[in-house]
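Spelled out from the first residue to the last, the chains are:
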Amino acid sequence: MKLVTAIIKPFKLDDVREGLSAMGVQGMTVTEAKGFGRQKGHTELYRGAEYVVDFLPKIKIEVAVPSEKVDEVISAISKAASTGKIGDGKIFVTELSNAVRIRTGETGSEAL
Amino acid sequence: MRRVFIFLTFAAVTLFGAAVMAQDEAPAPEAATVEAVAVEVVEAAAPAAEEAAPAEAAPAAPVPSINKGDTAWMLISTAIVLMMSVPALALFYGGMVRAKNMLSMLMQVFVTFSLITVLWCIYGYSLAFTEGNAYFGNWETRLFLKGIFDASTGAFSMAATFSKGVYIPEVVFVAFQATFAAITCCLILGAVAERMKFSAVLIFMTLWFTFAYAPIAHMVWFWMGPDAYTDAATAGDVLGKAGLIFQWGALDFAGGTVVHINAGIAGLVGAYVVGKRLGYGKEAMTPHNLPMTMIGACLLWVGWFGFNAGSAYESGNFAGLAFMNTFLATACAVLSWTFGEWLFKGKPSMLGAASGAVAGLVAITPAAGNVGIGGAFAIGTIAGLICLWGVNGLKKLIRADDSLDVFGVHAVGGITGALLTGVFNAPSLGGPGYVADWVTATMVTAADYSISGQVLIQAKAVGLTIVWSAVVAFIAYKIADLIVGLRRPDDEEREGLDTVEHGERSYSL
């Protein structure tokens, strides 16, 4: 199993969710996040006072999938979240050692 | 224990006042006869006029009476000027502070407004608007507003307007001017926002109001009224009873010196004496709710019609002129600030537009009924740009944490407006001029008007206001510091004044 963590632009959330649902992903976790990469932040000006805002609002999506589906998930997210402009985000893939469905006690891929 | 003592002191003062009024309501016999015969002809509560009036005015002129239309306008003006402080100024300022200090900002404005209103009715009005010397009025004449209404005869005293024989009830004048005194004090709060201790605010306000606002108001606005000028021979003596700056001939329609320069300078002194907010220049101190600032600025604009057009004391031509100028100059300043910011800073901001509106309102205040429409175009546009510089370039030069730019907007805008009033008042530049001779109520002619001379007089008035306000403010902050201290400990300031001072939070989301 793999855990796919995607950082995307907030307004792309719906597109990504639809893309993943269409390919059979049944659940995900979404978090409102802040951060920066190459896009950097922006400056805000209040009368004479200028502030550099480093952290931009982003959405973090976490999806746990069977290993064989991971490439499909990555391409679905990439396709849905892409605008071609700086700040589109990143996708990280990590190993997932186990998963448990609390209600039934199922483990591993069964629990996804 | 100390709080109980303070409360008891306040209660004692109030009861003492009630006693004074009770005495006043039972007048001595000889006083009663004098007042019963004559309808009191009192310009802004001049005691000397009370005795003189029956002898010289009664036989010749028709019995002076109040004008109901003017009175109606003044009542409305007073109510909407109240709205300028609470909630307009409180929201305008509150939106610009951080969320943790929102309630402290609202509370400081709310309570300062109420405190000054009470002090105004105890001794402030008397100190500012009764006959005294060139600097102060007489604190006894209208102590607790005695003599405003005579219960034994049912007679109300009257206050002069700018037209001979036209009066409004003095009690309406008292209320109108109360809102001015109160908002002036509230304006200062923006400069020391987010750090000054609530108790220190109240001590400072009491002192500064007494020793800076009341005398400046007396110096600029107190005079004997148009009906006091009966012939050329005594005109000099009548003028000699007016306030110092009035005697100089300075023009201040609605309070450029009295309100804005006065408050702006006291704010700047406060920013120095109270010190910078913790983390100033290192941490982001962004406004927490600019929509509230926008709502506040808009309510200020509406209320300012009462402030400026109400300062005509009559609902006639000059109220109309002041109304239109207040409308137009503000719009000009919004545009000039917005385009200036767009050009020099890259983006036209909402806070900039709201600040521009206030800058325009401030600058047109001394000029409102004193300049023509062309003057309003010019003053509004210039004020927007100068105040934009006031909160940018100038702010960096003064190196003080004037949190909400009270100095950059109110003092700078006020000085700009006060000086330009001297320019655009000139009949040759479309201004109405000023009354050159109050005996015949004739206006100055274009040929006699000296722009440089008038600007010099305006500059003298500005200079005196700056020095007076700064000295009084400095001493008042120091006294407040000695008694209770000006600031909270560092960790409490970091936590925010809302919970520390007032035990509540603005937002529980």
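Here the structure is a predicted model, which means the values were calculated and not measured.

Visitor: In this structure, what is going on with the overall build of chain A? I would like to understand it.
Guide: A tally of regular secondary structure across chain A gives two helices and six strands. The order of helices and strands in chain A, counted from the N terminus, is β-α-β-β-β-β-α-β. Against the globule reference of 13 Å for 112 residues, chain A gives a C-alpha radius of gyration of 17 Å, more extended than a compact globule. Once the C-alpha set of chain A is aligned to its principal axes, its extents read approximately 60 × 30 × 20 Å. Here chain A, with 112 residues, has 16% of them falling under the buried criterion.

Visitor: Just to check I follow, could you spell out the overall build of chain B for this structure?
Guide: Secondary structure summary: chain B contains 19 helices and seven strands in total. The buried share of chain B, reckoned over its 509 residues, is 54%.

Visitor: How do you make sense of the interface of chain A and chain B when you look at a structure like this?
Guide: Bring the parts together and some accessible area is lost; that lost area is often taken as the interface size. Each side of the interface is counted separately: chain A has six residues, and chain B has 13 residues. With three residues, strand β3 (residues 42–46) of chain A is the single largest residue contributor to the side of chain A that touches chain B. Among the residues making up the side of chain A that touches chain B, the classes are represented as three nonpolar, one polar and two charged.

Visitor: How should helix α11 (residues 290–309) of chain B be read in this particular structure?
Guide: Residues that lie three or four places apart on an α-helix share one face, since the helix turns once every 3.6 residues. The end-to-end C-alpha separation of α11(B) is 28 Å, in line with the 28 Å expected for 20 residues at 1.5 Å each. Along α11(B), the helix axis deviates most sharply at B:Gly303, where the bend reaches about 35 degrees.

Visitor: Honestly, the nonpolar core in this entry has me stumped. Any pointers?
Guide: It is characteristic of soluble globular proteins that their nonpolar side chains tend to be buried jointly. Core analysis: the largest hydrophobic core is formed by 158 residues, its most contacted members being B:Leu89, B:Tyr93, B:Val109, B:Cys185, B:Trp208, B:Leu300 and B:Ile379. Setting aside residues no more than four positions away along its own chain, B:Leu300 makes contact with B:Met84, B:Ala88, B:Leu89, B:Phe92, B:Val358 and B:Leu361. One finds A:Ile8, A:Val16, A:Leu20 and A:Ile77 within the second-largest nonpolar core, a separate group that totals 13 residues.

Visitor: So what exactly am I meant to see when it comes to the sheet that holds strand β5 (residues 166–169) of chain B here?
Guide: All names here are of chain B. Read across the open sheet, the three strands follow the order β1-β5-β4; overall the sheet is mixed. One side of each edge strand has no neighbouring strand; the edge strands of this open sheet are β1 (65–66) and β4 (158–160). Where β4 lies against β5, three bridges are found, and the strand directions are antiparallel. The partner of Ala160 across the bridge, within β5, is Tyr167. Along the sheet, helix α4 (residues 68–96) contacts β1 and β5; its crossing angle with β5, the most-contacted strand, is approximately 45 degrees. Lying on the sheet, helix α6 (residues 170–188) is in contact with β4 and β5; it crosses β5 at an angle near 70 degrees.

Visitor: Explanation requested: the sheet that holds strand β6 (residues 89–95) of chain A in the structure shown.
Guide: Strand-to-strand pairing in sheets goes through backbone hydrogen bonds, with the strands running parallel or antiparallel. Residue and element names in this part refer to chain A. The four strands are arranged β2-β5-β1-β6 in an open sheet whose pairing can be described as antiparallel. Here the strands that pair on one side only, and so sit at the sheet edges, are β2 (29–35) and β6. Neighbour to neighbour, the strand axes of the sheet diverge by 20 degrees on average, direction disregarded. In terms of strand pairing, strand β1 (residues 2–8) meets β6 through seven bridges, oriented antiparallel. Residue Leu3 lies in a different strand from β6, and its bridge partner there is Thr94. The strands touched by helix α1 (residues 13–22) within the sheet are β1, β2 and β5 (56–65), with β5 carrying the most contacts at an inclination of about 10 degrees. Contacting β1, β5 and β6, helix α2 (residues 70–81) crosses the sheet at an angle of about 5 degrees to β1.

Visitor: Quick question: what am I supposed to make of unusual backbone geometry here?
Guide: Most peptide bonds take the trans configuration, and most residues that are not glycine carry a negative phi. Residue and element names in this part refer to chain B. Of the consecutive residues Val86 and Pro87, the connecting peptide bond is found in the cis state with omega at 10 degrees. By the secondary structure assignment, Pro87 is in helix α4. One non-glycine residue with positive phi stands out, namely Phe144, at about 55 degrees. Within the secondary structure, Phe144 sits in the loop between α5 (102–129) and β2 (149–150).

Visitor: Sorry, what's going on with the pairing of β5(A) here?
Guide: The side chains of a regular strand alternate, first on one face of the sheet and then on the other. Residues and elements named next belong to chain A. Across seven bridges, the pairing between β1 and β5 is antiparallel. The residue of β5 that forms the bridge with Ala6 is Ile61. As judged from the seven bridges shared by β2 and β5, these two strands associate in the antiparallel manner. Counterpart to Glu32 in the pairing with β5 is Ile59.

Visitor: What am I meant to see in the environment of B:Ser428 here?
Guide: Residue and element names in this part refer to chain B. Mapped onto the elements of the fold, Ser428 is located in the loop between α16 (406–424) and β6 (435–437). For Ser428, a count of 10 C-beta atoms within 10 Å corresponds to the exposed category. It is 25 Å that separates the C-alpha atoms of Ser428 and Pro226, two residues lying 202 residues apart in sequence. Ignoring any residue separated from it by four or fewer positions in sequence, one finds Ser428 in contact with Ala446 and Tyr449.

Visitor: Please clarify how the packing of α4(B) against α6(B) should be interpreted in this entry.
Guide: The axes of two packed helices give the description: the angle between them and the distance between them. Residue and element names in this part refer to chain B. In contact at an axis separation of 9 Å, α4 and α6 are set at 20 degrees when each is read in the N-to-C sense. Compared by their axis directions, α4 and α6 come out roughly parallel. When the axes of α4 and α6 are compared, the crossing they make is left-handed. Two secondary-structure elements touch here, α4 through Thr71, Met74, Leu75, Ser77, Thr78, Val81, Leu82, Met84, Ser85 and Leu89 and α6 through Val172, Ala175, Phe176, Thr179, Phe180, Ala182, Ile183, Cys186 and Leu187.

Visitor: Looking at this structure, how should I read α4(B)?
Guide: The end-to-end C-alpha distance of α4(B) is 41 Å, a good match for the 42 Å that 29 residues give at a rise of 1.5 Å each. When the local axis directions of α4(B) are compared, the greatest deviation, roughly 40 degrees, occurs at B:Ala88.

Visitor: How should I be thinking about the environment of A:Lys40 in this particular structure?
Guide: Mapped onto the secondary structure, A:Lys40 falls in the loop between β2 and β3. Looking at A:Lys40, the number of C-beta atoms within 10 Å reads 12, which means it is exposed.

Visitor: Just to check I follow, could you spell out the confidence of the model for chain B for this structure?
Guide: Detailed reading of predicted coordinates is not advised where the pLDDT is low. Residues and elements named next belong to chain B. Averaged over chain B, the pLDDT score is 90; the fraction of residues at 70 or greater is 88%. Note on residues 25–59: pLDDT under 50 across the span, and 63 contacts to partners over four residues away in sequence or across chains. Both scores are available for the predicted complex, with the pTM at 0.85 and the ipTM at 0.70.

Visitor: Just checking my understanding: could you explain the environment of A:Ser97 for this structure?
Guide: Counting through the fold element by element, A:Ser97 comes out in the segment after β6. Spatially, the C-alpha atoms of A:Ser97 and A:Gly108 are 8.2 Å apart, while their sequence positions differ by eleven residues.

Visitor: I would appreciate a short explanation of the packing of α1(A) against α2(A) in the present structure.
Guide: All names here are of chain A. Taken N-terminus to C-terminus, the directions of α1 and α2 make an angle of 150 degrees; their axes are 8 Å apart at the nearest point. The pairing of α1 with α2 is recorded here as roughly antiparallel in orientation. For the crossing formed where α1 meets α2, the hand is right-handed. Counting all contacts with α1, which are made through Asp15, Val16, Gly19 and Leu20, the residues of α2 involved are Val73, Ala76, Ile77, Lys79, Ala80 and Ala81.

So, how was this worked out
- Residues numbered from 1 in each chain as written.
- Chains lettered and ligands numbered in written order.
- Predicted model: local features only at pLDDT ≥ 70, side-chain atom pairs only at ≥ 80, totals over all residues.
- Helix = DSSP H or I, 4+ residues; strand = E, 2+ residues; numbered from the N terminus.
- Rg over C-alpha atoms; globule rule 2.2 N^0.38 Å.
- Buried ≥ 20, exposed ≤ 12 C-beta atoms within 10 Å, placed from the backbone.
- Contact = placed C-beta atoms within 7 Å.
- Nonpolar A, V, L, I, M, F, W, Y, C, P; charged D, E, K, R; others polar.
- Expected span 1.5 Å × (residues − 1).
- Bend = angle between axes of the 7 residues up to and from the residue.
- Core = buried A, V, L, I, M, F, W, Y, C linked by C-beta atoms within 7 Å.
- Pairing = 2+ DSSP bridges.
- Axes fitted to C-alpha atoms, helices over the stretch in contact; angles between N-to-C directions.
- Parallel < 35°, antiparallel > 145°, perpendicular 65-115°, else oblique.
- Left-handed = near helix turned anticlockwise from the far one by under 90°.
- pLDDT = per-residue confidence, 0-100.

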